[in-house]
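# Summary of structural features
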Amino acid sequence: MDFVDSHCHLDDRKFDGDRDATIARARAVGVKYMLSIGTGDGPPGLEAAVRMADRFPFVYATVGVHPNDVSKIAENTFENLAELLRHPKVKAVGEIGLDYHWDTPKEIQTPAFIKQMQIAAEAKMPIVIHTRDAWRDTLDLLREHWAPTGLGCLMHCFSGDAEQARECLDLGFHLAFGGVTTYPKAAEVREAARMAPSDRIMLETDSPYLTPVPHRGQRNEPAYVVHTAKAVAEIRGVPLEQLARETTANFERFFGFPVQESQPPGVTH
Ligand SMILES: [Zn+2]
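Residues numbered from 1 in each chain as written. Predicted model: local features only at pLDDT ≥ 70, side-chain atom pairs only at ≥ 80, totals over all residues. Heavy atoms only, no water.

Moving on to the overall build of the protein chain. The secondary structure content of the protein chain amounts to 9 helices and 8 strands. Against the compact-globule benchmark of 18 Å for 269 residues, the protein chain has a radius of gyration of 17 Å, which places it among compact chains. Projected onto the principal axes, the alpha-carbon positions of the protein chain cover approximately 55 × 40 × 35 Å. Going through the 269 residues of the protein chain one by one, you find that 57% of them count as buried. Of the contacts made within the protein chain by residues no fewer than 6 positions apart, 72% connect residues no fewer than 24 positions apart. (Helix = DSSP H or I, 4+ residues; strand = E, 2+ residues; numbered from the N terminus. Rg over C-alpha atoms; globule rule 2.2 N^0.38 Å. Buried < 20%, exposed > 50% of the residue type's maximum accessible area, 1.4 Å probe, protein only. Contact = heavy atoms within 4.5 Å.)

Right, dumping it as structure tokens:
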């Protein structure tokens, strides 16, 4: 059974002591690909994830300026970003978006978000979205600046309700479900995970953060994507094998990998 972790921070310092062992554990439980998110500590270190992708054949990367790092943007930041997108293992721009939870002013987040959508559109690449306490503004900007491109948009760590999921799905976006899906209080997220079409969902860890049950409270790692997969399969009432197959195929299709969608004989859905 193959799984994909569509969002992890393999460059994070929390993995410094055992990064290779962590990656090996993920491979051992069937994680076929890991998408390492390339926001690092913000500019100028945007190649953080590319370095991970260069080391492991099954690790791919994104590049982007996280909304909480936009104050570090310098004159050459966007030029560097566009340049890094030419690396053969860079699959998306992200995570980008809006985050009103912390102190970064809206006035600098908004233009940085729009600019990165433009860079992604020029490169014909999908985007990975981070949105926190900023739902309305994020969706308004995506509707205006991204939806018309017809390119892919993945809502990372989808934590909204069914109505918000519907809004994203209607715009043609994909939803990535992570550890939050396993949290007792996240009934609304589970409802979203139940109603989303099988060709629009992906799995992620956001490791080392947002650890799924039963490891909640510990450091998260890509191998734990299996726990979220089990939770989402149960919520949707499908066998784990099916959920794994669907989410892996969705990842491959979305990010432009050769897709293996063949189904075992006798399985219909
Ligand atoms: Zn992240």
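This next bit is on the packing of aromatic side chains. Tallying each qualifying case throughout the model produces 10 aromatic pairs. Centroid distance tyrosine 33 to tyrosine 60: 5.7 Å. Interplanar angle 80 degrees. Geometry classified as edge-to-face. In this pair, tyrosine 33 is assigned in strand β2 (residues 31-36) and tyrosine 60 in strand β3 (residues 59-63), connecting sequence segments 27 residues apart. Judged by its relative accessible area of 15%, tyrosine 60 is buried. A ring pair is formed by phenylalanine 158 and phenylalanine 177, whose centres lie 5.9 Å apart and whose planes are at 75 degrees; its orientation type is edge-to-face. On the criterion of sequence distance, the pair formed by phenylalanine 158 in the loop between β6 (153-155) and α6 (162-170) and phenylalanine 177 in strand β7 (residues 174-177) is long-range, its members being 19 residues apart. In this structure phenylalanine 158 comes out as buried when scored by relative accessible area, which is 2%. The structure contains a cluster of three or more aromatic residues connected by ring pairs, namely Tyr33, Tyr60, Phe251, Phe254, Phe255 and Phe257. The ring of phenylalanine 58 has arginine 27 lying over it, and the distance from NZ or CZ to the ring centre is 3.8 Å. (Phe/Tyr/Trp six-rings, centres within 6.5 Å; stacked < 30°, edge-to-face > 60°. Lys NZ or Arg CZ within 6 Å of the ring centre and 35° of its normal.)

In this section: the layout of surface pockets. Estimated volume of the largest pocket: approximately 1,100 Å³. Among the elements that line the lining of the largest pocket, the one with the most residues is strand β5 (residues 127-132), at 4 residues. Looking at side-chain class alone, the lining of the largest pocket contains 13 nonpolar, 12 polar and 12 charged residues. Considered as a void within the structure, the second largest pocket measures approximately 180 Å³ in volume. What lines the second largest pocket is a set of 10 residues, among which Met1, Asp2, Ala244, Arg245 and Thr248 lie closest to the centre. Among the elements that line the lining of the second largest pocket, the one with the most residues is helix α9 (residues 240-255), at 6 residues. Considered class by class, the residues forming the lining of the second largest pocket number 3 nonpolar, 2 polar and 5 charged. (1 Å grid on protein atoms, 1.4 Å probe; cavity = no way out; pocket = protein on both sides within 12 Å on 5 of 7 lines; lining within 4 Å. Points joined across faces, edges and corners; volume = space filled by probe spheres on them. Nonpolar A, V, L, I, M, F, W, Y, C, P; charged D, E, K, R; others polar.)

Counting 73 residues, the largest nonpolar core has Ile127, Leu142 and Met155 as its most contacted members. In this structure leucine 142 touches Phe113, Met117, Ile127, Ile129, Ala147, Pro148, Cys153, Met155 and Phe173, once residues within four positions along its chain are discounted. Listed in part, the 14 residues of the second largest apolar core include Tyr60, Ala92, Leu154 and Met202. (Core = buried A, V, L, I, M, F, W, Y, C linked by side-chain atoms within 4.5 Å.)

Turning next to the pairing of β5. As paired elements, strand β4 (residues 90-99) and β5 share 6 bridges and run parallel to each other. Looking across to β5, one finds that glycine 97 is bridged to histidine 130. Where the polypeptide runs from β4 across helix α4 (residues 106-122) and back to β5, its parallel neighbour, the crossover connection is right-handed. Pairing between β5 and β6: 3 bridges, direction parallel. Along β6, the bridge assignment pairs isoleucine 129 with methionine 155. With respect to chirality, the unit in which β5 leads through helix α5 (residues 135-145) into the neighbouring parallel β6 is right-handed. (Pairing = 2+ DSSP bridges. Right-handed = clockwise from strand over helix to strand, strands pointing away.)

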